[in-house]
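The residues making up each chain are set out below.
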Amino acid sequence: MMLKNREALISQLKNDMLLWQGVKPRDSQEERLGLGPIEEAFPNGLFPKGSIHEFISSGREEGASSCGFMSVLLGKLMKSKGVCLWISSFKSLFPISIKSFGVEPERVVFICMQKEKDVLWAMEEALKCPGIAGVIAEVHQLDYTQTRRLQLAAEKTQGVGFILRHNPRSLAATACTARWQIKPLASAAEEGLPGIGFPRWDVELLKVRNGNPGRWEMEFSHLGLRPVFQKSSTSILSGKTQQTG
């Protein structure tokens, strides 16, 4: 009986802490984004809004994959309304390409700044605007103080910020809610059809506040974002390697 009471108390304390940090309960009316098994890694199974998400890229291929995956998240956050900002100090994104991932380019404001510190300043100011669905910033370096300011701005308006870090020299601690790394995977062509298949990614959630890091193979198509199940191959799901068939 004492053990059950202790477990119940610990569970209640965990729920209270999540509420104090602004995490909605699982039975709330907050709509899930539809990220499949990835969403279960977050507290109460809900994608954390009012937060900053950090994406790590170690090369051009990972940078392109990160942009694609972030675009999928943006499309789900924007839905049929809202706009977002894409801020960078270099022009590496082809705007029309994000339409393939459910984002209308005309609803994205692209901003090019001369210095990285200006990119982060613009991101912080944008996060203070409650009418913006999301903000993406592309930089190389980042420190804890900068991310703390961004996180506080996002929490105040319940906005969502994505920071894509290209070839970072170090991965020191930040105040970001989550840290991701997206790598490209070979697509699979539809049976009997020529050409390439839908984009696939190795999605790794390196860390997440109050959640469970994991790794998944995901594919994006007209059916949305879903896990990859390949016959007689190994898939990485929920942080474990398992045989599928």
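Please read these numbers as outputs of a predicted model, since none were measured by experiment. (Residues numbered from 1 in each chain as written. Predicted model: local features only at pLDDT ≥ 70, side-chain atom pairs only at ≥ 80, totals over all residues. Heavy atoms only, no water.)

This part is about the sheet that holds strand S8 (residues 214-221). The sheet built from nine strands is open, its strands ordered S3-S2-S4-S5-S1-S6-S7-S8-S9 with mixed pairing. Across the chains shown, the open sheet's two edge strands, defined by having one partner strand only, are strand S3 (108-112) and strand S9 (224-227). If you compare each strand with its neighbour and ignore which way they point, the axes differ by 25° on average. Relative to S9, S8 runs antiparallel, the two being bridged by four bridges. Its bridge partner being in S9, Ser-221 is matched across the sheet by Gly-224. Contacts from helix H2 (residues 60-78) reach strand S1 (51-57), strand S2 (83-88), strand S4 (132-139), strand S5 (160-166), strand S6 (178-185), strand S7 (200-208), S8 and S9 within the one sheet, and its direction differs from that of S6 by about 115°. Sheet strands touched by helix H3 (residues 116-127): S1, S2, S4 and S5. Its angle to S4, the strand with the most contacts, is close to 170°. (Pairing = 2+ DSSP bridges. Helix = DSSP H or I, 4+ residues; strand = E, 2+ residues; numbered from the N terminus. Axes fitted to C-alpha atoms, helices over the stretch in contact; angles between N-to-C directions. Contact = heavy atoms within 4.5 Å.)

Attention shifts here to the packing of aromatic side chains. With the rule as written, the count across this model stands at 10 aromatic pairs. Ring centres of Phe-55 and Phe-69 lie 6.3 Å apart, and the angle between their planes is 55°; on these two criteria the pair is classed as tilted. Of this pair, Phe-55 sits in strand S1 while Phe-69 is found in helix H2, placing the two residues 14 residues apart along the sequence. For the pair shown, Phe-55 and Phe-69 are each scored as buried. Aromatic ring contacts, followed pair by pair, group Phe-42, Phe-47, Phe-55, Phe-69, Phe-101, Phe-162, Trp-180, Trp-201 and Phe-220 into a single cluster. (Phe/Tyr/Trp six-rings, centres within 6.5 Å; stacked < 30°, edge-to-face > 60°. Buried < 20%, exposed > 50% of the residue type's maximum accessible area, 1.4 Å probe, protein only.)

A few words on the environment of Ser-89. Position of Ser-89 among the secondary structure elements: in the loop between S2 and S3. For Ser-89, a relative accessible area of 22% puts it in the partly exposed group. Sequence-wise, Ser-89 and Val-119 are 30 residues apart; in three dimensions their C-alpha atoms are separated by 6.8 Å.

What follows deals with the pattern of salt bridges. Under the defined criterion, the tally for this structure stands at 10 salt bridges. Measuring nitrogen to oxygen at the nearest pair gives 3.9 Å for the salt bridge that ties Glu-104 to Lys-99. Three or more residues are tied together by salt bridges with common partners; here these are Glu-124, Glu-125, Lys-128 and Arg-149. (Salt bridge = Lys/Arg side-chain N within 4 Å of Asp/Glu carboxyl O.)

Of all hydrophobic cores here, the largest spans 37 residues; its most connected members are Ile-38, Phe-47, Phe-69, Phe-162 and Trp-180. Every element with two or more residues in this core is listed here: H2, S2, S4, S5, S6, S7 and S8. At eight residues, the largest contribution of residues to this core is made by H2. Counting residues in each nonpolar core, the second largest holds 20 residues, with Ile-52, Ile-87, Leu-127 and Ala-154 among its members. (Core = buried A, V, L, I, M, F, W, Y, C linked by side-chain atoms within 4.5 Å.)

A separate point is helix H4 (residues 144-157). Along its 14 residues, H4 runs 20 Å from first to last C-alpha, staying within 8% of the 20 Å computed at 1.5 Å per residue. The complete set of buried residues in H4 reads Thr-147, Leu-150, Gln-151, Ala-153, Ala-154 and Thr-157. For H4, the arc enclosing every buried residue in end-on projection is 165°, short of the 170-degree limit, so these residues lie on one face. Relative to its buried face, H4 has exposed residues pointing more than 90 degrees away, namely Thr-145 and Lys-156. The inward-facing, buried residues of H4 abut S1, H3 and S5. Structurally, the start of H4 carries an N-cap: the backbone nitrogen of Thr-145 is 3.2 Å from a side-chain oxygen of Asp-143. Positive backbone phi, at 60°, marks Gln-158, one or two positions downstream of H4. (Expected span 1.5 Å × (residues − 1). Arc of directions from axis to C-beta. Polar contact = N/O pair within 3.5 Å; in protein donor to acceptor, adjacent residues only side chain to side chain.)

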